Amino acid sequence: MEPSDQTPEHAVATTASGSTGQQDNSARGPRLREIPLRLVVPNLITVLAICAGLTGIRLAFENRYELAVAMVLAAAFLDGIDGRIARMMKATSKFGAQMDSLADIINFGVAPALVLYVFVLDQARSLGWIAALIYAIAAGLRLARFNVMSERETKAPWQSEFFVGVPAPGGALLVLLPVYLGFLGVAPVGIFAYASTAYTIVIAYLLVSRLPVWSGKSGFGHIRRDLVFPMILGVVLYVALLMSFTWEVLVVTVILYLCSLPFGARSWHRRYGTLTIGEETAEKGLSEIDRGV
């Protein structure tokens, strides 16, 4: 049929049919976009980390302390690898970053504080609870500062080598030292409870301090060929000892970590002439935005 032969009635019917089709499409609502499975995997690991942290809190209230600590440490491990897995799978997203940030405060702040309080700090009564609160809040402040620094477009060169203060995962490992000692036979009563309270406040201070702490992000990209096998054997030996003598190895790990802090500060002092991050002068080339304040 030629265009001139089309009747007005047929044109109206065609127009009505077209508008009806548009109405049908709009009535179905927006079409849901399919999400690749690789984008879901890191978020699933983050959710599992949250579940582990919260389960650790429950186990602590049930007086199943060894399982509680194991769950908290498992939560810290899962929370530490989800970001790396996301980068390996090229599945990073703003949603995942926000989810991971919310999980951190549970796994590195709330869960360790409550497990520690139920195990030993409650023996110090109100002082113990205050110490647990201080630690949890310090962990939240530490994570907030880390998020702000990581989102800056201009980053100082030292940020690839040093943390500003002890990182939250390290704080969770350190603050549970009284629990490790309790598993080795130290009774969580009396002077030990008050000493644990003071120790918890010290770790909280280290979290929010400006102490330069080695990050381990640089200097390990390459390793000498002759050191590959000794390093692998060292890692295997550490894991084997950790599985066989868990609490003893964790105590030694905490002590070695604490002993390494002065060496990190000394390395920073040699490079920049200050003991803490944030006191640099203008001639050092570090602006206020790069100090991690």
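Above this text sits the structure in question.
Below: a short report on this structure. (Residues numbered from 1 in each chain as written. Predicted model: local features only at pLDDT ≥ 70, side-chain atom pairs only at ≥ 80, totals over all residues. Heavy atoms only, no water.)

Moving on, we get to the packing of helix α2 (residues 37-61) against helix α4 (residues 94-119). Where α2 meets α4, the axes come as close as 9 Å, and the angle between the chain directions of the two elements is 15°. The pairing of α2 with α4 is recorded here as roughly parallel in orientation. Handedness of the crossing formed by α2 with α4: left-handed. Here N43, T46, V47, A49, I50, G53, L54, G56, I57, A60 and F61 of α2 come into contact with α4, specifically with F95, G96, M99, D100, A103, I106, N107, V110, A111, L114, V115 and V118. (Axes fitted to C-alpha atoms, helices over the stretch in contact; angles between N-to-C directions. Helix = DSSP H or I, 4+ residues; strand = E, 2+ residues; numbered from the N terminus. Parallel < 35°, antiparallel > 145°, perpendicular 65-115°, else oblique. Left-handed = near helix turned anticlockwise from the far one by under 90°. Contact = heavy atoms within 4.5 Å.)

Below, the discussion takes up unusual backbone geometry. With phi around 65°, N63 is a residue other than glycine that occupies positive phi space. Here N63 shows up in the loop between α2 and α3 (65-88). Phi is positive for R125, which is not a glycine, with a value near 60°. Here R125 lies in the loop between α4 and α5 (126-150).

Residues V69, Y135, L176 and Y180 are the most contacted members of the largest nonpolar core, which totals 52 residues. Listing elements by their share of this core, those giving two or more residues are α2, α3, α4, α5, α6 (168-175), α7 (177-183), α8 (191-208) and α10 (246-272). No other element matches α4, which puts eight residues into this core. Counting six residues, the second-largest nonpolar core is a separate cluster that includes M149, F162, Y272 and I277. (Core = buried A, V, L, I, M, F, W, Y, C linked by side-chain atoms within 4.5 Å. Buried < 20%, exposed > 50% of the residue type's maximum accessible area, 1.4 Å probe, protein only.)

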